[in-house]
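# Overview (structure and organization)
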Protein chains: 4
Amino acid sequence: MKKILVTGFDPFGGEKVNPALEVIKLLPKKIGENEVRILEIPTVYKKSVEKIEKEIESYKPDYVLSIGQAGGRASISIERVAINIDDFRIKDNEGNQPIDENIFEDGENAYFSTLPIKSIQDELSKNNIPSSISNTAGTFVCNHVFYGVRYLIEKKYKGIKSGFVHIPYIPEQVIGKANTPSMSLDNILKGIIIIIETIFNVETDIKKSGGTIC
Amino acid sequence: MKKILVTGFDPFGGEKVNPALEVIKLLPKKIGENEVRILEIPTVYKKSVEKIEKEIESYKPDYVLSIGQAGGRASISIERVAINIDDFRIKDNEGNQPIDENIFEDGENAYFSTLPIKSIQDELSKNNIPSSISNTAGTFVCNHVFYGVRYLIEKKYKGIKSGFVHIPYIPEQVIGKANTPSMSLDNILKGIIIIIETIFNVETDIKKSGGTIC
Amino acid sequence: MKKILVTGFDPFGGEKVNPALEVIKLLPKKIGENEVRILEIPTVYKKSVEKIEKEIESYKPDYVLSIGQAGGRASISIERVAINIDDFRIKDNEGNQPIDENIFEDGENAYFSTLPIKSIQDELSKNNIPSSISNTAGTFVCNHVFYGVRYLIEKKYKGIKSGFVHIPYIPEQVIGKANTPSMSLDNILKGIIIIIETIFNVETDIKKSGGTIC
Amino acid sequence: MKKILVTGFDPFGGEKVNPALEVIKLLPKKIGENEVRILEIPTVYKKSVEKIEKEIESYKPDYVLSIGQAGGRASISIERVAINIDDFRIKDNEGNQPIDENIFEDGENAYFSTLPIKSIQDELSKNNIPSSISNTAGTFVCNHVFYGVRYLIEKKYKGIKSGFVHIPYIPEQVIGKANTPSMSLDNILKGIIIIIETIFNVETDIKKSGGTIC
């Protein structure tokens, strides 16, 4: 039995909903034999990571998957890399707007996702869920959380795997935004469940075969 | 009791499916008291209109709604106007590729949709289905059918209302097409049903109020 | 010796410049043996056409080429067709915002450009100026002018040829608009001169050969 | 007197030209008191970096600016960060296609540009050259060169500053590619000169003031 912590942000940037929050609310508590715990986090740069760390301390997950909204993208973006920079184009939900600041002074320049991003993309494709590997999670709170969690794991919680996926707007968010892509919440949910299954399964397969993930 | 004929094309341009055909197969045979008849048409410019005319003759619908795929668009496009030109960028499914030819020599330069396009958009928006009014249906078989049916109605079947909507790719069509928009078949179906309901209802409302549609 | 009247709008929609106005100011007064006259017109729907009609009356041109800005498009759009509808998404420069109104009640549903649009595209391509044939000039003042001039010519000034081209933003307009396409004023100017030359030359060629333009 | 080495790739991906190569050929040999040396490099992943290293050894530049083509982008992209991964979507010009390989096993996960990216963007904007800060240089030869040069400098040539900019297609490359953005070679050249001037000037200013660059 393995445990995954799945985080989703509250709404920001004038939106009424955040599809990341909507989708985690719909996740089952178990996938196969494995446990899924969800955590709502604020779109506030330092607090978001602090809240995740508390949950890591108490829940002791094997994996952390963070989910954020990428308005304007048409497919589920599986993020490859988080960079050590906060450079906010808009303010976060408590008015912070760091420009060109390091997230952690003693962190690496970047951390790669330790989730099996290529296997995830393959499984999503097989199941007709549009997806792509993305090489930038931006420089706002999403990248901050992706980087922050990977940093904490490297420093204090070795062995946990973590990563980030961006999801498109859901249809209700693009009403009045001419020709902006969206994805149905049903398909996003289906996609996130496939991602979680892949994380659990690939890990199991690899243990059997002795291989390594990307 | 009113009757609507809803047409959908077969696949073209190398695609394995056409979402227009997929969605009409899922339509109910009745919406309220009203009848819905579906018709698969070939992506072949003259035959498509001929097949629709036969069905108009035998079924005697009150409305004709034609549906086509617009790969790359992110929302349901409610077409405003059809123009009297065939100018094909690719061949149709029988190898025809007319360049700068009139569709009907004695037709108007253009015909406007006689469906309530603004009411349709309002209803789609209220129901969180992304949509937009489009001012071009292109110059391929979609525009040909839209124009051809409007022409036939003006010449021979006065009183029938007709129009065209373009729908996005469905998710399975964009696997491997990086960041191309799609819409779930569920939401397309929901949208087409709303469109048909609006056509029936607005007509009814207008009869009551004596108003006119756009 | 032939004469062409080339019109350009003043700025609208919060922009400080209109590339259409900037480019006509740079046109030479003669191209070959032929005369070029420019005319600034207001982005106000009825006044724009009225001002052009006065100039047609006094200058008696052989051709009228109207130029407008299409912010967001990446290439010079050679418009194929104007439709008989005003449906303004924003107000014009005097606050008018007609919704779903006909431009002229006794006009055709649409008028096609009587300029040689395919020859124009060929010449632009040969000269490495990005261009495309466009099937919609929108439903704002640009379409209004395109339609209005074609209408006037059909009704009162038979023999004059007219049409419309949309041009992209110039670079100074996209500063701060992330990743929005633009075209240098130099290349737009080069393009407009090629268009005018093509109009003059094709006409001449056709007279010789007895052919007709699209 | 300072020295900058400016590199440009040869054509790839079926293109006949590479605007990066075209633009470096047009650079002056001196900008102010400072020297500009250009270097054509092959679109071949290891050879490109090897050729630059040889030139660093012999020319001993103060700065290395590498330029690459980013087809489809509309503005000059000033790259922020290079990542330690080769993951080629297409083959390079000698048929190499590494998938998910590290560029240098003992390198950092990523290196940030040591050029003044924000000052460069400010200067480009002041001069009406469209630009943006980009957070991904991709995972092809461009990122490889950006990363490789930064790695070499960190390991062996401390003190040299280096970075990367992506430039759009030039107009001749988008003929026949419907509505794909481009930028005139004139404006790209103007932009690259401004970038070089900014690199020289900011450095000078900073030496005077004792400050640091992003």
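Rules used in this analysis
- Residues numbered from 1 in each chain as written.
- Chains lettered and ligands numbered in written order.
- Predicted model: local features only at pLDDT ≥ 70, side-chain atom pairs only at ≥ 80, totals over all residues.
- Heavy atoms only, no water.
- Least-squares fit on C-alpha atoms with pLDDT ≥ 70 in both.
- Contact = heavy atoms within 4.5 Å.
- Buried < 20%, exposed > 50% of the residue type's maximum accessible area, 1.4 Å probe, protein only.
- Helix = DSSP H or I, 4+ residues; strand = E, 2+ residues; numbered from the N terminus.
- Pairing = 2+ DSSP bridges.
- Salt bridge = Lys/Arg side-chain N within 4 Å of Asp/Glu carboxyl O.
- Polar contact = N/O pair within 3.5 Å; in protein donor to acceptor, adjacent residues only side chain to side chain.
- Nonpolar A, V, L, I, M, F, W, Y, C, P; charged D, E, K, R; others polar.

Our focus in this paragraph is the relation of the copies chain A and chain D. Expressed as a screw transformation, the operator carrying chain A onto chain D has a rotation angle of 180 degrees and an axial translation of 0.0 Å, and the superposed copies differ by an RMSD of 0.0 Å. What the rotation and shift describe, once combined, is the action of a two-fold rotation axis. Here 100% of the contact residues of chain A are again contact residues in chain D; the copies associate through an equivalent surface.

All names here are of chain C. Extensive coverage of strand β9 (residues 161-167) is indicated by the burial of six of its seven residues. Where strand β4 (residues 63-69) meets β9, seven bridges bridge the pair, whose relative direction is parallel. Paired with I67 across the strands is V165, a residue of β9. Here two bridges tie strand β5 (residues 76-79) to β9, and the two strands are oriented antiparallel to one another. Across the sheet, the residue bridging to S77 is H166, located in β9.

Contact residues are listed per partner, giving 19 residues for chain A and 19 residues for chain D. At the boundary of chain A with chain D, the tally comes to eight salt bridges. With a closest N to O distance of 2.9 Å, D100(D) and K118(A) form a salt bridge. Across the contact surface, chain A and chain D share 10 residue pairs in polar contact (both at pLDDT 80 or more). If you list the elements that add at least two residues to the side of chain A that touches chain D, you get β6 (81-83) and β7 (110-112) of chain A. Of the residues forming the side of chain A that touches chain D, the biggest block, three residues, is contributed by β7(A). Broken down by class, the residue content of the side of chain A that touches chain D amounts to eight nonpolar, six polar and five charged.

With that settled, consider the pattern of salt bridges. This structure, assessed with the given rule, holds 56 salt bridges over all chains. The residue R80(A) makes a salt bridge to D100(D) at a minimum N-O spacing of 3.1 Å. With R80(A) in the loop between β5 (76-79) and β6 and D100(D) in the loop between β6 (81-83) and β7 (110-112), the pair connects residues from two separate chains. Residue classification places R80(A) among the buried positions, given a relative accessible area of 4%.

On to unusual backbone geometry. Peptide bonds are mostly trans, and most non-glycine residues show a negative phi. All names here are of chain A. Positive phi values are uncommon outside glycine, yet K60 reaches one of about 50 degrees. Counting through the fold element by element, K60 comes out in the loop between α2 (45-59) and β4 (63-69). Judged by its relative accessible area of 54%, K60 is exposed. Backbone geometry places N128, a non-glycine residue, at a positive phi of 60 degrees. Relative to the helices and strands, N128 is located in the loop between α3 (117-126) and β8 (131-134). We classify N128 as partly exposed; its relative accessible area is 32%.

Once chain D has been moved 0.0 Å along the axis and rotated by 180 degrees, it coincides with chain C to within an RMSD of 0.0 Å. Of all interface residues in chain D, 100% are interface residues in chain C too; the two copies therefore contact each other through one and the same surface.

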